[in-house]
Structure formats: C-alpha cells, structure tokens
Amino acid sequence: MIAYGADHLNIDVAEIDARIADNWSMPTRFYWDPAIFDFEMETIFSKNWLYFGPLHNVAEPGDVAVRQMGKYPIVVTRDRDGELHAFLNVCRHRGYTVVEGDRSKCLRLVCRYHGWSYNLDGTLANAPDADGEAGFCQSDLALRPVAVEQMGPAILVNPDPTARPFRACHPAFAENFENLGFCPDPDRYVMRKEITYDIGTNWKLWYDNGTECYHCPNIHGESFGAAFRSAPEDTEAIYGDGFMTNNWKPQPEVASNQLTSRTFRSYQVFPGIVLIEHDDLLHMSGMVPVAPGVTQHVTHYLGDRDSDPERIDAWIDLWDQTYREDNEITAVQYDNIETARQPYNRYVHAREEAAKHFNAITWQHYKEALLG
Ligand code: FES
Ligand SMILES: [Fe+2]
C-alpha cells in the first residue's frame, strides 16, 4: 500500500473544501496530473464496486467472460454449481493472460503459454510436469480472486477481494433500488449490442458531462435532446450515499415507431456504474479510467424481447450518437484544461447539481485517503 499525504501531492484541503462549498470544481490539475491519477487508482478504483457486464454473458454454468477494466484484467466465470467467481486474468505460472478473447464456454481455463489449467472456481487443476516437484503446492496457486456480485441484471466486480458486499457499501441505494422497483427482470430482455469507447478525457470530466443535462439542448439537439424531455421540471433527482437516481415524469403516449421516451429511470453509482431503463430498452454501462487523459466507457444494450428489433437498434443508434457527441466535447475540454491551466472550473448549481454531487463524493474519497 502506497502512503499518500496532502503535502506529498501538494493538496490544500481547506482551500478545496472552500471552493467546493462555493460551486467550484476541484483543482483542474487533478484532471491531468499523473501523480493524482495514480492516487485515484489506488484509493478509489482499486477498492470500489465497478460495472463488469450484463448477467446475460455469464448466465449458464461454464460461461466465461473477460474484460480489461482499466489496469485490471478480469475474468468472470460461472462454475458447474452455478456459482459466480471473478479473478485477475493472470496466470500464476509466469503471468501470461489465462483466458484470451471476450467470452467462452468451457469446463477449464487453460493458459496457452505452457498449458497450466484452472477450474472454474479458480483453483489450479493441472501444471504439466510439475508433479512431485519439491515445494510445488498446487493449492497455493489458484487465480487471484476479486469480489463479484450479481445486482439485478448486472454483474459487478470489486478489485478488492475483501470488499464488503455492494449493498452494505450503498445501503441507501439498495433500499431505493428495491423500493422504487427498479429491478429489471433479466428474462424480459435480450442482449442486443456492446459498444466500448476509449475517450480522450479524464474520468472526472466524463462524470461531469454524464450527470448534467445543461448541455443537452446545445450538443444533443438531434440525438438525446430530440428523444428525451430532460428539463429540470420533467425530472426528479434523488441523491444518496454514493449514488444518484433520476426518475422522469411519464410522458404522453407516442406511436410505437416513434423514438420519443415515455419513461426513464436511471441509477449512477460512484465510481462509474450506470443503469438506465427507459421504454423498451435496458442500458447498462460502466466507466473505468485508463490514464489521466483516457477513459474507457463500456456500454451494453438489451432490448425488450417483444419489441421490434429495428426499434431497439434505432434507440441504440441514438445513444451511440449521443455518446460520440459527448466524447468529442470532453476530449477537447481535456486538452484545453491541460493547456490553459485555469485553476478551477465553475459549476452552475441550478443545472449542475448532479455534477457537483459526484465531484463532492470524489473529494470525500480523497479526504478519507489523505486524512484517514
Ligand atoms: S504463463 Fe501460463 S502456463 Fe506459463
Ligand atoms: Fe451528453
């Protein structure tokens, strides 16, 4: 564990407390400084719950799904008894990738470098020609576990194998999620598409952008803005312990071939889980940082199995266009912020309360790590 201190990172805690209370961002240096990025990876993204993918990808015994999540190569399996497991996808022999490709169905995980094989629960099954070798202890050479959970239709992982369960980390979220009935039935949906974006921006700019709709009329006039009513009077946001939920007032009936949203409910859980259910689409996504100026956003779209597939694809195209517009904006913003070195960004509370909420959560994580 690396020790971090406010002095070491040149952070003035009192100054930032005052700025945040007065509707400013954290210092813009935090968006591009590599030392800050390393600090965030260690203190935030190594020990919080993250979105891995849809339940549908690991629904059956023998299903195996793989993702590079920021710096962590992760493999999730469902064993023969139906139990979920997650591991670092790194061979205990000499560190090659155990499972290559995105998904497979198998009885064992076999590293192709020298042929070591692992059971679906991560234990080492066989290491060729290692039998009887002095000091070779097969039971010590299981894949390194990470925490994994199913939450509704989503699979979540936490790189910290000792992490508390997701619901214990976010009790208000769990209560809200269940009380409001946002527990989409996985059987209602079929997987339609996965799109991954590697965005040329910092993860905190991605957050700001994704949590406010101040920009929607300007940037998404022909995409999101055309299909959703997102003015403050049409939406109700609830803020809780590391999450936000948005419930939009039901809109009048529209023709079934028309892309105008009637219902919308979303959950965003720090740091980077996004679940959205609207109309006949279930849209789940997750963000993980890759570098100070590179952010990965993986998106999964599931459509109601009784809906017209063409309509579902039209929704997906609309979201894809929306994200491309956002990605273009936030990449320019990142470059400018790194160059201009204006010390702070200024939020507008009336339209950016959600961005402020997540900025404050991020700062709280900083303070817990810096001050204990
Ligand atoms: S690195 Fe996996 S078997 Fe050698
Ligand atoms: Fe946007």
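Small disclaimer: the values here were computed from a predicted structure and weren't measured.

Visitor: Mind showing me how you'd approach the sheet that holds strand β5 (residues 103–105) here?
Guide: Strands belonging to one sheet form pairs held by backbone hydrogen bonds; the direction of such a pair is parallel or antiparallel. Spatially, β4-β3-β2-β5 is the arrangement adopted by the 4 strands of the open sheet, whose pairing is antiparallel. Of all strands in the sheet, those bounded by a partner on one side alone are β4 (84–88) and β5. Taken over all neighbouring pairs, the strand axes of this sheet differ in orientation by 20° on average, direction set aside. Here strand β2 (residues 63–69) runs beside β5; their pairing, made up of 3 bridges, is antiparallel. Bridge pairing in β5 places Val64 opposite Ser104.

Visitor: What should I look at first to understand the domain arrangement of the protein in this one?
Guide: By a frequent convention, interface size equals the accessible area lost on bringing the separate parts together. Domains assigned within the protein are domain 1 (50–158) and domain 2 (170–366). For domain 1 and domain 2, the distance between their C-alpha centres works out to 30 Å. At the junction of the two partners, domain 1 supplies 12 residues and domain 2 supplies 18 residues. Within the residue set of the side of domain 1 that touches domain 2, elements represented by two or more residues are β1 (50–54) and β10 (154–158). No other element matches the 4 residues that β1 contributes to the side of domain 1 that touches domain 2. Among the residues making up the side of domain 1 that touches domain 2, the classes are represented as 8 nonpolar, 4 polar and no charged.

Visitor: Can you help me understand the sheet that holds strand β7 (residues 117–119) in this one?
Guide: Spatially, β6-β7-β8 is the arrangement adopted by the 3 strands of the open sheet, whose pairing is antiparallel. The open sheet has two edge strands with one neighbour each: β6 (108–110) and β8 (124–126). Ignoring strand direction, the axes of neighbouring strands in this sheet form an average angle of 35°. Bridge count for β6 against β7 is 3 bridges, and the pairing is antiparallel. Residue pairing across strands places Val110 opposite Ser117, the latter belonging to β7.

Thresholds, definitions, all that
- Residues numbered from 1 in each chain as written.
- Chains lettered and ligands numbered in written order.
- Predicted model: local features only at pLDDT ≥ 70, side-chain atom pairs only at ≥ 80, totals over all residues.
- Pairing = 2+ DSSP bridges.
- Helix = DSSP H or I, 4+ residues; strand = E, 2+ residues; numbered from the N terminus.
- Axes fitted to C-alpha atoms, helices over the stretch in contact; angles between N-to-C directions.
- Domains from an automatic or database assignment.
- Contact = placed C-beta atoms within 7 Å.
- Nonpolar A, V, L, I, M, F, W, Y, C, P; charged D, E, K, R; others polar.

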